[in-house]
Amino acid sequence: MKVTRFQSLYQLTVLPRMFPVNCYIYEEEDQLTLIDAGLPNSYKGIVKLIKECKKPLTNIVLTHGHGDHVGALERLKKSFPNAVVSISVRDNRLLRGDTSLDKDEPKTQIKGGIPKGLKVVPDLLLKEGDRVGSLEVYETPGHTPGSISLFDTKNHGIIAGDTFQTRGRIAVSGQIVRSFPFPAFATWNKEIALKSAREIEALKPSLLAIGHGNVIEKPTEKIQKAILEAEENMNMNRVK
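Residues numbered from 1 in each chain as written. Predicted model: local features only at pLDDT ≥ 70, side-chain atom pairs only at ≥ 80, totals over all residues. Heavy atoms only, no water.

1. A short note on the sheet that holds strand S9 (residues 135–139)
For sheets, the rule is that strands pair by backbone hydrogen bonds, running either parallel or antiparallel.
Right, so step 1: Ordered by their spatial adjacency, 6 strands build an open sheet running S8-S9-S10-S11-S14-S15, and the pairing between neighbours is mixed. If you trace the sheet from one side to the other, it starts and ends with strand S8 (131–132) and strand S15 (216–217), each paired once.
Right, so step 2: For strand S10 (residues 148–152) and strand S11 (residues 157–159), the ladder comprises 2 bridges, and the chain directions are antiparallel. Bridge pairing links Leu 150 to Ile 159 in S11. (Pairing = 2+ DSSP bridges. Helix = DSSP H or I, 4+ residues; strand = E, 2+ residues; numbered from the N terminus.)

Written out as structure tokens, the structure is:
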């Protein structure tokens, strides 16, 4: 596992050269928060870093319910039973394998790897404006109906799940990057994803940390470029 540190945030990456899957540990003065649980083989690297930090893991926050973000969750919950597991109210349904849509949601199919038979039941369901330590919850749907991002109120970085990808190049969720198209294939609704990308851009984050690809520091211009490209692609598709 590759570990990279950005102030209070650690990026943990499995398969960094082939199929990078990231999770993150956010370090506070007296506790640690894990954001996403990666793949099953992320477990050992996560535990190793927690031990090295010598602080208790108090929270496990899931940005959304896809399988590559919950892979080590069951083992981690057994190892750290006091850690509070949380996910958005909406994506809690995906953890139960429920891919049904609400009446007011666009009737585009929910895609991606949906967990099956997951035994962990979240301790806390999150909504816009909730706080987990110094991290503030923003609802950023699109990749899934209940995707969330976490804004670091101290350092102003954002951990944004699969709202963007940076593998190959930066792109809004749903926009195909030929060298790494998988996040796009797993995106539920491109229009809603674009709206969420604009909301992240408006925060002017100092850092963008996502599920697939490198962390980007001072990302504003690159985020704007990705949004413009997504807008152009979608306008072209409407004309067709």
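There is more to say, and it comes next.
2. Some thoughts on a nonpolar patch on the surface
Right, so step 1: Together, Ile 176, Phe 182 and Phe 185 line one region of the surface with nonpolar side chains, adding up to about 300 Å² of accessible area.
Right, so step 2: Residue placement: Phe 185 occurs in helix H4 (residues 182–185).
Right, so step 3: When its relative accessible area of 49% is taken as the criterion, Phe 185 is described as partly exposed. (Patch = residues over 30% accessible without salt bridge, like charges linked within 9 Å, V, L, I, M, F, W, Y side chains within 5 Å. Areas by Shrake-Rupley, 256 points an atom, 1.4 Å probe, with all protein chains shown as cover. Salt bridge = Lys/Arg side-chain N within 4 Å of Asp/Glu carboxyl O. Buried < 20%, exposed > 50% of the residue type's maximum accessible area, 1.4 Å probe, protein only.)

3. Some thoughts on helix H5 (residues 190–202)
Right, so step 1: Its 13 residues give H5 an end-to-end C-alpha distance of 19 Å, which sits within 8% of 18 Å, the value for a rise of 1.5 Å per residue.
Right, so step 2: Listing the buried residues of H5 in full gives Ala 193, Leu 194, Ser 196, Ala 197, Ile 200 and Glu 201. One side of H5 carries all its buried residues, which in axial view fall inside an arc of 165°. Facing away from the buried surface of H5 by more than 90 degrees, the exposed residues are Lys 195 and Ala 202.
Right, so step 3: A side-chain oxygen of the first residue of H5 lies 3.2 Å from the backbone nitrogen of Glu 191; this N-cap is Asn 189.
Right, so step 4: In the stretch just after H5, Lys 204 is the one whose phi turns positive, near 50°. (Expected span 1.5 Å × (residues − 1). Arc of directions from axis to C-beta. Polar contact = N/O pair within 3.5 Å; in protein donor to acceptor, adjacent residues only side chain to side chain.)

4. Concerning a positive patch on the surface
Right, so step 1: Residues Lys 44, Arg 75, Lys 78 and Lys 119 make up a contiguous surface patch of positive charge.
Right, so step 2: The class for Lys 119 is exposed, based on a relative accessible area of 70%. (Lys, Arg positive; Asp, Glu negative; His and termini not counted. Charge placed at Lys NZ, Arg CZ, Asp CG, Glu CD.)

5. Structural notes on the packing of aromatic side chains
Right, so step 1: Under the defined criterion, the tally for this structure stands at 4 aromatic pairs.
Right, so step 2: Just above the ring of Tyr 43 sits the side chain of Arg 75; from NZ or CZ to the centre is 3.8 Å. (Phe/Tyr/Trp six-rings, centres within 6.5 Å; stacked < 30°, edge-to-face > 60°. Lys NZ or Arg CZ within 6 Å of the ring centre and 35° of its normal.)

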